[in-house]
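Okay, here's what each chain looks like letter by letter:
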Amino acid sequence: QYVRNIRDSLAEIDPAGADDYTKNAEAYIQQLTDLDLWIEAQVAVIPLQERILITNHESFGYFADRYQFQMIGTVLPGVSTDAAPSAQQMANLINLISASGAKAIFIEIGANPQLAEQIAGETGVTVVTQVRTHSLSAPGGDAPTYIEMMKHNTAIIVDALR
């Protein structure tokens, strides 16, 4: 929908370029459709009951909903990386992880993994620190575009949950 909104806005501002915006939007929508099918195929190797996500903060909700993952908790409450969990929230998350059979906690690149590592020490899960949520890599890196970022994250999640 965002691609369509951008296409329509650009065509409104620059009617002479409308055909180009339409052509480019259609091509990108096809790439996004292909990406969606690719992600579905990748996550299909993980049984539904093992599609469990614990993240640093609430950043994978749409991904979880689209590809049938359960978001059972976050290390930090809410969407801000500045938030700090209470002792009770930490204990509750540890109990949820232990009860669920979760395999990993996913922390975005650059985030402090200290709390996740503490939880992992008590639950035996792996801490995965290479997901990207708010930034792309430099050109030539592992995720220089949105599509490459989604492939990168999907591969990391699938590998950790296999």
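In what follows, the accompanying structure is described. Everything quoted here is computed from the prediction, not taken from an experiment. (Residues numbered from 1 in each chain as written. Predicted model: local features only at pLDDT ≥ 70, side-chain atom pairs only at ≥ 80, totals over all residues. Heavy atoms only, no water.)

1. Concerning a nonpolar patch on the surface
Thought 1: Residues Tyr2, Ile6 and Leu10 make up a contiguous nonpolar surface patch of roughly 350 Å² in combined accessible area.
Thought 2: Checked against the element boundaries, Ile6 lands in helix H1 (residues 2-13). (Patch = residues over 30% accessible without salt bridge, like charges linked within 9 Å, V, L, I, M, F, W, Y side chains within 5 Å. Areas by Shrake-Rupley, 256 points an atom, 1.4 Å probe, with all protein chains shown as cover. Salt bridge = Lys/Arg side-chain N within 4 Å of Asp/Glu carboxyl O. Helix = DSSP H or I, 4+ residues; strand = E, 2+ residues; numbered from the N terminus.)

2. Here we look at the packing of aromatic side chains
Thought 1: Going through the model one piece at a time under the given rule, you end up with three aromatic pairs.
Thought 2: A centroid spacing of 5.5 Å and a plane angle of 35° characterise the contact between Phe63 and Phe69, whose relative ring orientation is tilted.
Thought 3: Through successive ring pairs, a cluster of aromatic residues spans Phe60, Phe63, Tyr67 and Phe69.
Thought 4: Between the NZ or CZ atom of Lys151 and the centre of the ring of Trp38, over which it lies, the distance is 5.7 Å. (Phe/Tyr/Trp six-rings, centres within 6.5 Å; stacked < 30°, edge-to-face > 60°. Lys NZ or Arg CZ within 6 Å of the ring centre and 35° of its normal.)

3. Observations concerning the pattern of salt bridges
Thought 1: Within the structure shown, the criterion is met by five salt bridges.
Thought 2: A salt bridge links Arg7 to Asp8, with the shortest nitrogen-to-oxygen separation between them at 2.9 Å.
Thought 3: Residue Asp142 is joined to Arg132 by a salt bridge in which the shortest nitrogen-to-oxygen separation is 3.0 Å. Residue Asp142 is found in the loop between strand E4 (126-131) and helix H6 (146-161), and its partner Arg132 is found in the loop between E4 and H6; the two are separated by ten residues along the sequence.
Thought 4: Its relative accessible area of 35% is what places Asp142 among the partly exposed residues.
Thought 5: Salt bridges sharing partners connect three or more residues here, namely Asp36, Glu40 and Arg66. (Buried < 20%, exposed > 50% of the residue type's maximum accessible area, 1.4 Å probe, protein only.)

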